[in-house]
Amino acid sequence: MKTMRAQRRQPVVEIVSPSTLKRDRLEKLHTYAKFAIPEYWIADPEAGYLEQYVLDDGRYSIRNIYQEDDPVTSERLACVSFTMNELLAGIPKIG
């Protein structure tokens with residue numbers, strides 16, 4: 001029998017920086033697919049966008065790229081309601 005925890009996997013959001021770019025885009029993508037994470041979002045505050053990847057048959061495919069005032073949506077998270085600009089405003093500047 002599956003545990004409740006295994007049945008309720010949630011999307012993962014990574015905020016990339018130049019020092020973690022390769023790890024976030026390659027290594028973590030494979031790791032999260034292995035553990036059947038349904039969605040993987042990569043937010044790049046420097047470039048001002050969010051990439052939304054969705055797991056299908058054990059592999060991620062890019063579903064959307066959000067920028068500026070694009071409303072971020074998710075089929076798996078009906079309560080998601082923000083724009084890219086709102087997300088970026090909430091990320092502290094480092095450095």
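Residues numbered from 1 in each chain as written. Predicted model: local features only at pLDDT ≥ 70, side-chain atom pairs only at ≥ 80, totals over all residues. Heavy atoms only, no water.

Peer 1: Got a minute to help me understand the pattern of salt bridges in this structure?
Peer 2: Note that side chains of opposite charge can pair when their charged atoms are close. Following the criterion strictly, the structure yields six salt bridges and no others. The shortest N-O distance in the salt bridge between glutamate 51 and arginine 25 comes to 2.6 Å. Separated by 26 residues along the polypeptide, glutamate 51 in strand E3 (residues 49-56) and arginine 25 in helix H2 (residues 21-34) bring together distant segments of the chain. As a salt-bridge pair, glutamate 39 and arginine 76 come within 3.9 Å of each other at their nearest N and O atoms. (Salt bridge = Lys/Arg side-chain N within 4 Å of Asp/Glu carboxyl O. Helix = DSSP H or I, 4+ residues; strand = E, 2+ residues; numbered from the N terminus.)

Peer 1: How should the packing of aromatic side chains be read in this particular structure?
Peer 2: Ring pairs (aromatic) are described by centroid distance and by the angle formed between their planes. Across all of its chains, the model carries three aromatic pairs by this definition. Where tyrosine 32 meets tyrosine 40, the ring centres are 5.0 Å apart and the plane angle is 65°; that geometry is what we call edge-to-face. In this structure tyrosine 40 comes out as buried when scored by relative accessible area, which is 0%. Taken together, a centroid distance of 6.1 Å and an interplanar angle of 45° make the contact between tyrosine 40 and tyrosine 60 tilted. Of this pair, tyrosine 40 sits in strand E2 (residues 39-44) while tyrosine 60 sits in strand E4 (residues 59-67); the two residues are 20 residues apart in sequence, bridging distant segments of the chain. The same class applies to tyrosine 40 and to tyrosine 60, which are both buried. Chaining the aromatic ring pairs together yields one cluster made of Tyr32, Tyr40 and Tyr60. (Phe/Tyr/Trp six-rings, centres within 6.5 Å; stacked < 30°, edge-to-face > 60°. Buried < 20%, exposed > 50% of the residue type's maximum accessible area, 1.4 Å probe, protein only.)

Peer 1: Explain a negative patch on the surface here, please?
Peer 2: A contiguous patch of negative charge, built from Glu68, Asp69, Asp70 and Glu86, is present on the exposed surface. Relative to the assigned elements, glutamate 86 resides in helix H3 (residues 84-89). (Patch = residues over 30% accessible without salt bridge, like charges linked within 9 Å, V, L, I, M, F, W, Y side chains within 5 Å. Areas by Shrake-Rupley, 256 points an atom, 1.4 Å probe, with all protein chains shown as cover. Lys, Arg positive; Asp, Glu negative; His and termini not counted. Charge placed at Lys NZ, Arg CZ, Asp CG, Glu CD.)

Peer 1: Mind showing me how you'd approach the nonpolar core here?
Peer 2: In summary, soluble globular proteins display a tendency toward joint burial of nonpolar side chains. Judged by nonpolar contacts, Val12, Val16, Leu29, Tyr32, Ala33, Ile37, Tyr40, Ile42, Tyr53, Leu55 and Tyr60 together constitute the single largest core of eleven residues. Among the elements of the structure, H2, E2 and E3 are those that each provide at least two residues to this core. With three residues, H2 is the largest single contributor of residues to this core. Membership of the second largest hydrophobic core comes to ten residues, among which are Trp41, Ala43, Leu50 and Ile91. (Core = buried A, V, L, I, M, F, W, Y, C linked by side-chain atoms within 4.5 Å.)

Peer 1: Please explain the sheet that holds E4 as it appears in this structure.
Peer 2: Note on sheets: strands pair through backbone hydrogen bonds, and any given pair is parallel or antiparallel. The strand order across the open sheet built from four strands is E1-E2-E3-E4, with neighbouring strands paired in mixed fashion. Each of the sheet's edge strands pairs with one partner strand only, and the pair in question is strand E1 (12-15) and E4. Between one strand axis and the next, the sheet turns through 20° on average, direction left out of account. Looking at chain direction, E3 and E4 are connected through eight bridges and run antiparallel. (Pairing = 2+ DSSP bridges. Axes fitted to C-alpha atoms, helices over the stretch in contact; angles between N-to-C directions.)

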